[in-house]
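Structure at a glance
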Amino acid sequence: MATIVSYTARPRRLTQGLLLLSAVVIGVGAYALVGLGRYDALPENLTQVGIGAAVLALALQIAVMWRAPYADPVILPIVVLLNLLGIAMIESIHAANQIYGIRSSGSADRQMLWAVLGAALCIALLVLLRDHRRLRRYTWISAVVGAVLLLLPLAPVIGSARNGSKIWISIAGYSFQPAELAKIAFAIFFAGYLVSRRDTLALAGPKVLGIQLPRWSDFGPILVAWGFAMAVLVFQTDLGTSLMFFGLFVVMLYVATDRLSWLVIGAVMFLPPAVFAATQMGHVRTRITCWLDPLSSANYASCEQISQGLFGLANGGITGAGLGEGRPDVVPHAESDFIFASFAEELGMVGAFALLLLYLLLVQRAIRAAVGISDGFGTLLAGGLGFVMALQVFVVVGGVTRVIPLTGLTLPFLAAGGSSLVCNWIIAGILVRLSDAARRPAARQIAGTTAPTPPRAGQEVSA
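Nothing here was measured: the structure is a model prediction, and the numbers come from that model.

1. Remarks on the overall build of the protein
Helices and strands together make up the secondary structure of the protein, namely 15 helices and seven strands. For the protein, the proportion of its 463 residues judged to be buried stands at 54%. Sequence separation of at least 24 residues holds for 74% of the intrachain contacts in the protein that already meet a minimum separation of 6. Entry remark: accessible area of the protein is about 20,100 Å², with carbon and sulfur atoms responsible for 67%.

2. Considerations on the packing of helix 3 (residues 75–100) against helix 4 (residues 108–128)
Packed helices, taken two at a time, are described by their axes: the angle between them and the distance between them. Orientation of helix 3 relative to helix 4, taken along the N-to-C sense of each, is 165 degrees, at an axis distance of 9 Å. When the interaxial angle is binned, helix 3 and helix 4 end up roughly antiparallel. When the axes of helix 3 and helix 4 are compared, the crossing they make is right-handed. Touching Leu76, Asn83, Ile87, Ile90 and Glu91 of helix 3 are Ala108, Gln111, Met112, Ala115 and Cys122, all from helix 4.

3. Details of the nonpolar core
Within the largest apolar cluster, 129 residues are counted, with the highest numbers of intra-cluster contacts made by Leu381 and Trp425. Per-element tally for this core: the top contributor is helix 3, with 14 residues. When near neighbours in sequence (up to four residues on either side) are disregarded, Leu381 contacts Leu135, Ala187, Ile188, Ala191, Met252, Ile430 and Leu434.

4. Brief notes about the state of the cysteines
Under the criterion given, the structure shown has one disulfide. Bridging Cys290 to Cys303, the disulfide has an S-S length of 2.0 Å. Since a negative S-S torsion denotes a left-handed disulfide, the Cys290-Cys303 link at about -85 degrees is left-handed. Taken together, the residues Cys290 in helix 11 (residues 282–292) and Cys303 in the loop between helix 11 and helix 12 (304–316) connect sequence positions 13 residues apart. Relative accessible area serves as the criterion here: at 7%, Cys290 is assigned to the buried category.

5. With respect to helix 10 (residues 261–280)
If you check helix 10, its first and last C-alpha atoms are 29 Å apart, about what 20 residues at 1.5 Å a residue would give, namely 28 Å. At Leu271, helix 10 shows its maximal bend, which comes to roughly 25 degrees, and the proline Pro272 appears one to four places after that position. The set of residues buried in helix 10 consists of Ser261, Trp262, Ile265, Gly266, Met269, Phe270, Pro273, Ala274, Ala277 and Ala278.

6. Structural notes on the confidence of the model for the protein
Should pLDDT be low for a region, the predicted coordinates there are not to be read in detail. Per-residue pLDDT for the protein averages 83, and the proportion of residues at 70 or more is 85%. This stretch, residues 446–463, has a pLDDT under 50; its non-local contacts, to residues over four places away or in other chains, come to 45 contacts.

7. Digging into unusual backbone geometry
One non-glycine residue, His333, lies in positive phi territory at about 55 degrees. Tracing the sequence through the fold places His333 in the loop between helix 12 and helix 13 (339–372). Taking relative accessible area as the criterion, His333 reaches 40% and is therefore assigned partly exposed. The backbone of Arg402 shows a phi angle near 65 degrees, a positive value even though the residue is not glycine. Mapped onto the secondary structure, Arg402 falls in the loop between helix 14 (376–400) and helix 15 (418–439).

8. Here we look at helix 15
The first and last C-alpha atoms of helix 15 sit 31 Å apart over 22 residues, in line with the 32 Å expected at 1.5 Å per residue. Taken across its 22 residues, helix 15 has 21 buried, putting it largely inside the fold.

9. Examining the packing of aromatic side chains
Inspection of every chain in the model, using the stated rule, returns nine aromatic pairs. Aromatic side chains Phe190 and Phe249 sit 4.7 Å apart centroid to centroid with 55 degrees between the ring planes, which places their arrangement in the tilted category. Of this pair, Phe190 sits in helix 6 (residues 178–195) while Phe249 is found in helix 9 (residues 239–257), placing the two residues 59 residues apart along the sequence. Ring plane angle 90 degrees and centroid distance 6.3 Å describe the contact between Phe413 and Trp425, whose orientation is recorded as edge-to-face. In this pair, Phe413 sits in the loop between helix 14 and helix 15 while Trp425 sits in helix 15, placing the two residues 12 residues apart along the sequence. For Trp425, a relative accessible area of 0% translates into the label buried. Put simply, the rings of Trp140, Phe186, Phe189, Phe190, Tyr193, Phe245 and Phe249 touch in pairs and so form one group of aromatic residues. The ring of Trp66 has Arg67 lying over it, and the distance from NZ or CZ to the ring centre is 4.3 Å. Just above the ring of Tyr100 sits the side chain of Arg327; from NZ or CZ to the centre is 3.6 Å.

10. Section: the environment of His94
Examined against the element boundaries, His94 turns out to sit in helix 3. Those residues within four positions of His94 in sequence are excluded, and the remaining contacts are Ser105, Gly106 and Ser107.

Rules used throughout
- Residues numbered from 1 in each chain as written.
- Predicted model: local features only at pLDDT ≥ 70, side-chain atom pairs only at ≥ 80, totals over all residues.
- Heavy atoms only, no water.
- Helix = DSSP H or I, 4+ residues; strand = E, 2+ residues; numbered from the N terminus.
- Buried < 20%, exposed > 50% of the residue type's maximum accessible area, 1.4 Å probe, protein only.
- Contact = heavy atoms within 4.5 Å.
- Areas by Shrake-Rupley, 256 points an atom, 1.4 Å probe, with all protein chains shown as cover.
- Axes fitted to C-alpha atoms, helices over the stretch in contact; angles between N-to-C directions.
- Parallel < 35°, antiparallel > 145°, perpendicular 65-115°, else oblique.
- Left-handed = near helix turned anticlockwise from the far one by under 90°.
- Core = buried A, V, L, I, M, F, W, Y, C linked by side-chain atoms within 4.5 Å.
- Disulfide = S-S within 2.5 Å.
- Expected span 1.5 Å × (residues − 1).
- Bend = angle between axes of the 7 residues up to and from the residue.
- pLDDT = per-residue confidence, 0-100.
- Phe/Tyr/Trp six-rings, centres within 6.5 Å; stacked < 30°, edge-to-face > 60°.
- Lys NZ or Arg CZ within 6 Å of the ring centre and 35° of its normal.

See below:
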């Protein structure tokens, strides 16, 4: 039995505009509360921050209305809110460092500049990329670019090591983490590669212990991805990036083939290298020790970051100390690696859960776009980008709360750092474009364009 449901597709730009306005009000309000909490006075640059945030939101609204009128109305407001909250918290940490003088950290001014650059790139992507399927033309170019970016920190002149991992490059005094950009390139490559080979990879193979395994001839792609991930792990000693890269490929394999066996195979293949890293690499072994017992007298000195982060989490309680009222300056790298602990201290468990719900909603919107897109490439790309964001949040928050050992990944849109923020804004732009393709009425989906046509009514839904 089938039921014909008549509907008229609506762009919902007014909804997005109201949500963007709410995000700006909440974000700028948080910035104002930080000044009141630290200095009992509003920040001197509050007017400039408010105007800048409003102009940025207006530019995003205009760009979406112009180039992606049927895009999901929730994605950009969440991104803007997370970004503004991150700026407010970075300013709170900087102010605490100035007052108490325990550590030094950069102010939020640089993060604001990176936010403007990231939003500008997001707008440029929406204007220039009118059809996400054009990215499929650059499948193999994306693979080469991603590989070069991921291995660039190994270059002898520009590569630099921090905290035991070689994941940074330094040029003219500016640092950049190329793995953040590489994950976008690899997501495009994996989507383009797998969509053309999904039928071959989904063919039945031998059955072992009740699990349907792929054919031996189909192991080539996963072996190449595994070998590349291991190269990153061994030569850059970065377990987090290696996990993110290999996990992205395995999950996109599962989405492409709908075979649970790929997830099992991926987990089994990654476990031995992870054990090797935990036992043979010094800084990874230290992180394992700090994960198991950071508060013991023998480990406390080497586990100061995780220990102080746990104290900050406990100090936050249910409702938090209040914005600008905590002591995040006690935690090393509180504005980057441990910014979630800073939020939990000043906003409490309620605020920390609210942040996680925002990330959950953002990932859900990415998955919703993946389900709604009619072409396989768009489905894989949206699903891959949504997964890699969810993986980063889980790994970072899990490390701070001692669910898993610490890694070198950063919390999207919140943590200080230009490379992470700019690249995540690019991901947001791609998700907006993909959501527009997923929600756009069929009559508008003209090959290679998004030219305006009247919305279609009358959609058949099976019941």
